[in-house]
Amino acid sequence: MRILVTGSAGFIGSHFVRTLLADGFDGCRGASVTALDKLTYAGNRDNLPASHARLEFVQGDILDRALLRELLPGHDAIVHFAAESHVDRSIDDGSAAFRTNVLGTQTLLEAALEAGTERVVHVSTDEVYGSIEKGSWTEDWPLAPNSPYAASKAASDLVARAYWKTHGLDLSITRCSNNYGPYQHPEKLIPLFATNLMEGKQVPLYGDGSNIREWLHVDDHCRGIQLVLNKGRAGEVYNIGGGNERTNRQIANRLLELTGSVPQMVRRVGDRKGHDLRYSIDDRKIRQELGYAPRIDFEQGLADTVAWYRDNPAWWTAVKDSTYTAA
Ligand SMILES: NC(=O)c1ccc[n+]([C@@H]2O[C@H](COP(=O)([O-])OP(=O)(O)OC[C@H]3O[C@@H](n4cnc5c(N)ncnc54)[C@H](O)[C@@H]3O)[C@@H](O)[C@H]2O)c1
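Residues numbered from 1 in each chain as written. Predicted model: local features only at pLDDT ≥ 70, side-chain atom pairs only at ≥ 80, totals over all residues. Heavy atoms only, no water.

A separate point is the environment of Ser136. Locating Ser136 in the fold gives a position in the loop between β5 (119-125) and α5 (148-167). Taking the C-alpha atoms as reference points, Ser136 and Ala160, 24 residues apart in sequence, are found 23 Å from one another. In this structure Ser136 touches Trp141, Ser280, Ile281 and Asp282, once residues within four positions along its chain are discounted. Polar contacts involving the side chain of Ser136 include one to the side chain of Ser280, which spans 2.7 Å. (Helix = DSSP H or I, 4+ residues; strand = E, 2+ residues; numbered from the N terminus. Contact = heavy atoms within 4.5 Å. Polar contact = N/O pair within 3.5 Å; in protein donor to acceptor, adjacent residues only side chain to side chain.)

With that settled, consider the site of the ligand. Around the ligand, a shell composed of 28 residues is seen, among which Ile12, Asp37, Ser85, Tyr149 and Lys153 lie nearest. A distance of 2.9 Å is found between an oxygen atom of the ligand and a backbone nitrogen or oxygen belonging to Asn179. Notes on the ligand: free accessible area 840 Å², of which the protein chains cover 96%. When residues of the shell around the ligand are assigned to their parent elements, the largest contribution, 3 residues, is made by β5. (Near = heavy atom within 4 Å. Areas by Shrake-Rupley, 256 points an atom, 1.4 Å probe, with all protein chains shown as cover.)

What follows covers the nonpolar core. In terms of nonpolar packing, the biggest core is built from 33 residues, with Ile3, Phe16 and Val79 touching the most fellow members. Among the elements of the structure, β1 (2-6), α1 (11-21), β2 (32-37), β4 (77-80), β5, α7 (218-231), β10 (237-240) and α9 (284-290) are those that each provide at least two residues to this core. Of all hydrophobic cores here, the second largest spans 30 residues; its members include Val102, Tyr129, Ala160 and Tyr163. (Core = buried A, V, L, I, M, F, W, Y, C linked by side-chain atoms within 4.5 Å. Buried < 20%, exposed > 50% of the residue type's maximum accessible area, 1.4 Å probe, protein only.)

With that settled, the discussion passes to unusual backbone geometry. Of note, Asp23 is a non-glycine position whose phi angle comes to about 55°, a positive value. Within the element layout of this structure, Asp23 appears in the loop between α1 and β2. Phi angles above zero are rare outside glycine, and Leu39 is one such case at about 55°. Note on placement: Leu39 falls in the loop between β2 and β3 (55-59).

This part takes up the environment of Asn179. By the secondary structure assignment, Asn179 is in strand β7 (residues 178-180). Spatially, the C-alpha atom of Asn179 lies 5.5 Å from that of His217, the residues being 38 residues apart in sequence. Ignoring sequence-local partners within four residues, the contact set of Asn179 consists of Phe11, Ile12, Gln184, Trp215, Leu216, Val218 and His221. Side-chain polar atoms of Asn179 contact the backbone oxygen of Ser177, separated by 2.9 Å.

To continue, consider the side chain of Arg54. In this structure, Arg54 sits in the loop between β2 and β3. Within polar-contact distance, the side chain of Arg54 engages the backbone oxygen of Leu21 at 2.9 Å. Discounting chain neighbours no more than four positions away, the residues touching Arg54 are Leu20, Leu21, Asp23, Gly30, Ala31, Ser32 and Val33.

A separate point is the state of the cysteines. Structurally, a disulfide amounts to a covalent bond that connects the sulfur atoms of two cysteines. Counted according to the given criterion, the structure contains 0 disulfides. In this structure Cys28 is a free cysteine whose sulfur lies 11 Å from that of Cys222, the closest cysteine sulfur available. The class for Cys28 is buried, based on a relative accessible area of 2%. Unpaired in this structure, Cys176 has its nearest cysteine sulfur neighbour in Cys222, at a distance of 8.9 Å. (Disulfide = S-S within 2.5 Å.)

Burial of the side chains of strand β8 (residues 203-206) is restricted to one face: Val203 and Leu205 are buried, whereas none of Pro204 and Tyr206 on the reverse face is. Here β8 pairs with strand β12 (residues 266-269) via 4 bridges, running parallel. Counted as the bridge partner of Val203 is Val266 from β12. (Pairing = 2+ DSSP bridges.)

Quick look at the packing of aromatic side chains now. Per the stated rule, a full pass over the model turns up 10 aromatic pairs. On the numbers, 5.0 Å between centres and 40° between planes, the contact of Phe16 with Phe25 is tilted. Of the two residues, Phe16 and Phe25, neither departs from the other in class, the shared state being buried. Taken together, the ring pairs connect Tyr183, Trp308, Tyr309 and Trp315 into an aromatic cluster. For Arg18, the ring lying beneath its charged end belongs to Tyr183, and the centroid distance is 4.0 Å. The residue whose ring lies beneath Lys285 is Tyr238, and the NZ or CZ to ring-centre distance is 4.8 Å. (Phe/Tyr/Trp six-rings, centres within 6.5 Å; stacked < 30°, edge-to-face > 60°. Lys NZ or Arg CZ within 6 Å of the ring centre and 35° of its normal.)

Here is the structure:
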């Protein structure tokens with residue numbers, strides 16, 4: 001089996017590839033990977049093994065149809081992670097998010113059709129549903145995205161659905177809650193707070209910190225994606241969650257404890273524009289249909305993640321330096 005993984009040098013895509021190459025997925029043992037990534041500020045070649053007999057790394061853009069035409073033949077499946085993934089950046093300027101997330105997905109799926117690729121998983125997010133005060137989203141909940149990032153992901157979900165419905169592409173969509181774990185870019189909440197606190201810098205908490213997110217370890221997310229890849233039904237959406245709802249204030253307080261820091265290091269800043277209040281996923285479908293269940297306890301996973309950042313300062317200082325220089 002040969003799988004093309006887009007966005008494979010980013011946080012979640014690289015975890016998926018590392019796990020796959022380590023034969024950590026029952027359904028994909030021995031599979032080879034073509035790791036396609038543009039290496040934007042968010043992509044890092046060091047997130048993948050420098051060399052591996054079953055890995056081919058290709059630096060390239062999912063908007064490059066000629067490259068895809070050349071690359072795709074011979075692949076049995078595509079797992080599509082590539083995206084502009086940061087809400088704040090999409091609020092500053094949404095162009096890159098719409099270009100990559102919408103047109104990039106459409107270009108990739110057009111190329112998949114042309115190459116006759118047999119299976120595609122489109123990796124999406126719970127943010128396409130908007131914000132929910134009470135209860136949890138099921139897969140048939142209306143899409144009501146609030147940020148430009150979420151709107152671009154919702155649009156790409158609809159593109160993906162259309163390529164299944166119109167062309168019969170064997171494609172499933174996953175919608176996961178917030179991920180945490182090693183190798184996450186330090187612009188995102190948990191690594192930003194953890195690394196700033198380790199550096200003795202203050203951390204910015206939006207508004208009153210009461211916004212609620214549901215957290216899932218990246219390893220559990222990737223196992224969910226693999227189950228969908230191997231056993232998911234075409235045209236179906238699968239929510240992937242963990243049930244760990246926390247306010248941003250609770251996350252900040254726990255990170256203060258884990259880094260041995262003090263409450264004065266949290267600085268309240270004006271709220272994010274259009275800030276969603278609460279995310280909550282109902283993931284009974286993937287549990288019942290595909291036997292998914294998250295394995296990593298949130299408190300332990302968070303402690304291990306902070307320990308990873310503590311043990312790997314060279315990784316995140318280089319990422320912070322290059323992002324700062326590039327910005
Ligand atoms: N991080 C989360 O909490 C979360 C939760 C649910 C879903 N998702 C989704 O999972 C996917 C991966 O998220 P992530 O957190 O790993 O993001 P990330 O920003 O860490 O990685 C994105 C990767 O895509 C690459 N990329 C960007 N534009 C590209 C292009 N035009 N062509 C090829 N490669 C390109 C980047 O270089 C980077 O390596 C995204 O689709 C995101 O919407 C993320």
